[in-house]
Structures are given as structure tokens and as C-alpha cells.
Amino acid sequence: MPNAAIVIPHYCDHERLARCLEALAPQLEERVEVVVVDNASPETPVCNHPNIRIVVETKKGAANTRNRGVSETTAERIFFLDCDCIPAPNWLEAALTVAERADLVGGTLTVFDETPPPRTGAEAFETVFAFNNRRYIERKGFSVTANLLTTRRVFEAIGGFRHGMSEDLDWCRRATEAGFALAHDDNLRVAHPTRQDWPELMRKWRRLTDEAWGLKGRSGGARAKWVLQALAMPASALAHLPKVLTHPNLSASEKRAAALTLLRLRLVRMGWMLRQAVV
């Protein structure tokens, strides 16, 4: 019986998947199974490592691929990792060590750039704002699934991820509402690339905005609250501006680019949210 199962969803990101598996493979033990679930990419990825299997899930969406990965494995411990992340050299060792801390354990995500400096506005924005998983866990009650440990007992008790919404937030909150404990552990680390340009950043936030709207009700009160959140977007940009301007890892030009990206993104999100509320 395997000690743990690592589930990695994938779609059309072969180079990053290869980089992820290259970092993960040296850490693997005989009793740890790894399943890469390809979401019907035009070209299915290939991996020749004996402990890594690749299966294909035709139902679209990360929720469905993660659920398929769980169903393809047998270990009690289930570790979720994303294909575009690079696990730290001791990631698996840390996962096996800290997995018993809580029913759900979320780790730390750092970011790195895939392009040479200077950073674009999108890269600079992500350097400041992307993936504060400790804050997500301690203040918002969820962990991103790019670096999340749980057990089959929890998964079977609350059911799988649900497609069409913010599946990590929804799943973690269902777990905590059912009485399961969620904790953060800084020893569990992966690195995620920053989004490189405005279209890539916009696609990310369009998806996140749609998923957040999917968790809201459709009553008049829910729509009114969504409108108020939308109208607060410009003010939130101004409130977060000092965080950009005082960031120690950005040059002066990168701070200006990040600030403009912050203002632009919040205004665009306001428009998306107002349209959602009235449709």
C-alpha cells in the first residue's frame, strides 16, 4: 500500500510539467505514487519514470482532473501539486513529515520570473500580490491546491472538487465546515512562475472573478453585495498602492509598472463584476 499519492493536473503545459517532474522525480520513494492527469491535451505528455503514471480525463476543468487523480490512487495521504510549480528539493520529505499536523495542510508558494529583467507590469504585480497562501489559510479559510495535503478520509467525507467555481476555496471551506482542521506549514514549499504579460494576467483574474461569482447566490441581496464589492475596486487599488511602492524586490520602473497594472486590473474587474450582477 503506498504511503502517499501525488496528484498533478495538466493541460497543454508540457515544458512546465517536465520541469515539475524533473524536480519531483529525485525525491520519489517506492511507496509514493504519482498520477499526472492530462485534461485531454491535443498531445498527451510522456513520462518514463517508473513511479509516475499519466492518465487522461476528458471532462474539462481542474476540478475534474483532480477528482480523477484521487480515484486513480489508493494511498490514504493525498498530496496536490500543480504542473507549473517547482517543488523544493525537500518538498516530499516535508510533506510526509507535516501531513499529520492537520486534516488539510497548505504550504508556501513563492514566485519567480521566467523572463530576464526588467519585470513587466504583470510580473511585477505578481511579485507583490501572488499566492500569499498563509494569509489565505489564516484569514480566508482555504489553501490553494497547488500545494495542499489532505487524506482520503477527508475527501470521501465531503466529496470531490466542484467544477465551475473557485474549487480550492469551495472544497477547503466545505472541509472546515465539516469540522476538519486546516493549517499552514512554511516548510512545505513550491515555486510558481509569474504571469508574463497583461493578457495572461487578465485571463487569470477573469477566471478567478467568474469562479468567485459562481460561489455567490443569485438573490437580490447577493447581487447588491456583489455590486458594492465591484464599486470598492478603485478604492482597494489605492489602499494596496503603498504595498507596491515599498516593495523591496522591485526597481523604481517595476514599481511604476506594477502600480499601473494594479489600477488597470481593479478597474477592469469592477466592470466584469457589475455586468455579472445585472445579467
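Residues numbered from 1 in each chain as written. Predicted model: local features only at pLDDT ≥ 70, side-chain atom pairs only at ≥ 80, totals over all residues. Heavy atoms only, no water.

1. Quick notes on the packing of helix α8 (residues 198–214) against helix α11 (residues 252–278)
Axis separation between α8 and α11 bottoms out at 11 Å; the angle between their running directions is 35°. Considering only the axes of α8 and α11, their crossing is right-handed. Residue-level contacts link W198, L201, M202, W205, R206, T209, D210 and W213 of α8 to T261, R264, L265, V268, R269, W272, M273, Q276 and A277 of α11. Taken together, the residues that form the contact of α8 with α11 break down as 10 nonpolar, 3 polar and 4 charged. (Axes fitted to C-alpha atoms, helices over the stretch in contact; angles between N-to-C directions. Helix = DSSP H or I, 4+ residues; strand = E, 2+ residues; numbered from the N terminus. Left-handed = near helix turned anticlockwise from the far one by under 90°. Contact = heavy atoms within 4.5 Å. Nonpolar A, V, L, I, M, F, W, Y, C, P; charged D, E, K, R; others polar.)

2. Observations regarding the packing of aromatic side chains
In this structure the tally under the stated criterion is 8 aromatic pairs. Seen in terms of ring centroids, F125 and F129 are 4.9 Å apart; in terms of plane orientation they differ by 40°. Their pairing is tilted. Residue F125 and its partner F129 are located together in helix α4 (residues 121–129), separated by 4 residues, close to a single helical turn. Across the pair, F129 and F125 agree in class, each one buried. (Phe/Tyr/Trp six-rings, centres within 6.5 Å; stacked < 30°, edge-to-face > 60°. Buried < 20%, exposed > 50% of the residue type's maximum accessible area, 1.4 Å probe, protein only.)

3. Examining the side chain of E200
Within the element layout of this structure, E200 appears in helix α8. We note that E200 is buried and unpaired, the nearest opposite charge coming from R16 at a distance of 4.2 Å. (Lys, Arg positive; Asp, Glu negative; His and termini not counted. Salt bridge = Lys/Arg side-chain N within 4 Å of Asp/Glu carboxyl O.)

4. Considering the nonpolar core
In terms of nonpolar packing, the biggest core is built from 54 residues, with I6, I8, F79, L81, W91, L104 and W171 touching the most fellow members. Beyond its immediate stretch of four places on either side in the chain, I6 contacts L24, L28, V32, E33, V34, V35, F79, L81, W91 and L92. With 16 residues, the next largest nonpolar core counts A122, L201, V244 and L250 among its residues. (Core = buried A, V, L, I, M, F, W, Y, C linked by side-chain atoms within 4.5 Å.)

5. A word on the pairing of strand β2 (residues 32–38)
Along β2, 7 of the 7 residues are buried, which leaves the element largely enclosed by surrounding structure. Burial along β2 is two-sided: V32, V34, V36 and D38 facing one way and E33, V35 and V37 facing the other are all buried. The pairing of strand β1 (residues 4–10) with β2 spans 7 bridges and is classified as parallel. When the sheet's bridge partners are listed, A4 is paired in β2 with V32. For the segment spanning β1, helix α1 (residues 14–24) and β2, crossover handedness is right-handed. In the sheet, β2 pairs with strand β3 (residues 52–56) via 5 bridges, with the strands oriented parallel. Its bridge partner lying in β3, V35 is registered against R53. (Pairing = 2+ DSSP bridges. Right-handed = clockwise from strand over helix to strand, strands pointing away.)

6. Details of the sheet that holds β3
Spatial ordering of the open sheet is given by β3-β2-β1-β4-β7-β6-β8-β5, a layout of 8 strands whose pairing is mixed. In this open sheet, the two strands that pair with only one neighbour each are β3 and β5 (86–87). Pairing analysis gives 4 bridges linking β1 to strand β4 (residues 77–81), with the strands arranged parallel. For A4, the partnering residue across the bridge sits in β4 and is R77. Packed onto the sheet, helix α2 (residues 62–71) meets β1, β2, β3 and β4 and runs at close to 150° relative to β1.

7. Brief notes about the side chain of R195
Locating R195 in the fold gives a position in the loop between β8 (182–193) and α8. Residue classification places R195 among the buried residues on the basis of a relative accessible area of 12%. Once you skip the residues sitting within four places of it in the chain, R195 turns out to touch A122, E123, E126, F131, E200, L201, K204 and R207.

8. Topic: the environment of I86
Mapped onto the fold, I86 is located in strand β5. Looking at I86, the relative accessible area reads 24%, which means it is partly exposed. Along the chain, I86 and L24 lie 62 residues apart, while their C-alpha atoms are 7.9 Å from each other.

9. Description of a positive patch on the surface
Judged by side-chain charge, R135, R139, K140, R173, K216, K225 and K243 come together as a positively charged surface patch. Here the positive patch takes 3 residues from helix α5 (residues 133–140), the largest share from any one element. (Patch = residues over 30% accessible without salt bridge, like charges linked within 9 Å, V, L, I, M, F, W, Y side chains within 5 Å. Areas by Shrake-Rupley, 256 points an atom, 1.4 Å probe, with all protein chains shown as cover. Charge placed at Lys NZ, Arg CZ, Asp CG, Glu CD.)

10. Brief notes about the pattern of salt bridges
Here the structure, examined in full by the defined rule, presents 21 salt bridges. Here R119 and E254 are joined by a salt bridge, their closest N and O atoms 3.2 Å apart. Of this pair, R119 sits in the loop between β6 (104–112) and α4 while E254 is found in helix α11, placing the two residues 135 residues apart along the sequence. Given a relative accessible area of 22%, R119 falls into the partly exposed group. Taking relative accessible area as the criterion, E254 reaches 5% and is therefore assigned buried.

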